[in-house]
Structure formats: C-alpha cells, structure tokens
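# Tertiary structure, described
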Amino acid sequence: MSLKKHQSADNTYETERLILRPMSAEDRDFIFELYNRPKFIQHIGNRNVNTVEDAENYILNRFAPQIERLGYGNYLLVTKDSNEKIGAVGIFEREGLDVVDIGYSLLEEFEGKGYAFEAAQKVKSIGMEDFGLSKISAIISKDNVSSQKLIEKLGLKFKKYVTLPGETEELNYYETE
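Residues numbered from 1 in each chain as written. Predicted model: local features only at pLDDT ≥ 70, side-chain atom pairs only at ≥ 80, totals over all residues. Heavy atoms only, no water.

Moving on, we come to the pattern of salt bridges. Summed over the entire model, instances satisfying the criterion amount to 14 salt bridges. Two residues, E56 and R28, come together in a salt bridge whose shortest N-O distance is 3.6 Å. Of this pair, E56 sits in helix α3 (residues 52-70) while R28 sits in helix α1 (residues 28-35), and the two are 28 residues apart along the sequence. Look at E56 and you get partly exposed, because its relative accessible area is 24%. Under the relative-accessibility criterion, R28 is labelled partly exposed at 30%. Note that K135 is salt-bridged to E175, the shortest N-O span being 3.1 Å. (Salt bridge = Lys/Arg side-chain N within 4 Å of Asp/Glu carboxyl O. Helix = DSSP H or I, 4+ residues; strand = E, 2+ residues; numbered from the N terminus. Buried < 20%, exposed > 50% of the residue type's maximum accessible area, 1.4 Å probe, protein only.)

Under the criterion given, the structure shown has eight aromatic pairs. For the pair Y13 and Y75, a centre-to-centre distance of 5.8 Å together with 85° between the ring planes defines the contact as edge-to-face. In this pair, Y13 sits in strand β1 (residues 13-14) while Y75 sits in strand β3 (residues 74-79), placing the two residues 62 residues apart along the sequence. Y13 sits in the buried class, given a relative accessible area of 1%. By relative accessible area, which is 1% here, Y75 ends up buried. The interplanar angle of 75° and the centroid separation of 5.7 Å between the aromatic rings of F158 and Y174 together place this pair among those described as edge-to-face. Linking F158 in strand β7 (residues 156-162) with Y174 in strand β8 (residues 171-176), this pair joins segments that are 16 residues apart in sequence. Classification of Y174 by relative accessible area gives buried; the value is 2%. Here the aromatic residues Y35, F40, Y58, F63 and F92 are joined through ring pairs into a cluster of three or more. (Phe/Tyr/Trp six-rings, centres within 6.5 Å; stacked < 30°, edge-to-face > 60°.)

The following block contains the structure:
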C-alpha cells in the first residue's frame, strides 16, 4: 500500500485514528491553550504566546511560511472518532540545526494512548518519502524520557548534545541513520 494514498492537494493526511492538517489561523485558540500548558513550557519552552492574538501571529508568521515554502511543516492532530483537536506534530527548520527536526506535543489528557507515535511516524514518512528528506533529527530535553523513548522507537539514534542559538539548555540530539 502506498503511503501517498492518503495525501491530498491541501496537504492533509490520515493515520488509523488521526487527521493531520496544516495548522491555520483558526487553530489560534488551540495553540494558545497547548503552548501555555505547564508541560509544554517545561519540555518545549515558553514561546511567549500570551494571548490568542499571539497564537494567531505565531501560526501566520512561523508555521504558514514554512508550509508554503517547503510543502511540509506543522500539522494539527484531530481525532477521527470525536473530531477533537489533541495536539500538533511537524517537521521544522530550526536555527542552529543542519537537519530538519521532528517535533510533537499533545494535550496531557491524550498522552499515553499512542497518538504521538502514530502522528510522528506519519510525519517522518511524509518528510522522507513524499518530500525526499534524507535525514530527520529531533531535539529533546534531557528529563523528557518518554519523548526520548518515542524518538528511539521511530528509528532515530542519539548522536550528541546541542544548545540552540540564544538558549542555555543543553538538549539531546537524535538523527535518523
């Protein structure tokens, strides 16, 4: 079965339980909520999304331009069964990294159900098979053990520690072989 079967003109994809669609301005309320969750701030960082307007600007200025330029980027995760927005997954160009990196985040109430792995596996295949990326990386805080396990399950291997420009925290850096 071809993975391209689920690709459509609007860059929306499907997995068994999820719909992945590019993040858009109407997702501002969800991004505001997700980016201000304590766990998001702890493991991913404070993105200074302090209002719903900040969330919309973040989507329009950070996510939309990359999707337009490269064809891939940040996707909203929506459950097929209940049509709930549960998280985000994407492949990002990131300052300080030579290889695009995969990132994901779920509302805590949807963690532990395999959604993040299902979505990350799909995005990895989109990047590598549909867009021809030869490598994908991941950066994870040292205390985020569950995310480290997920990335290793995806087939990425720990390579080194990195600190991104303007940051102080040393992160674990993983890469596809």
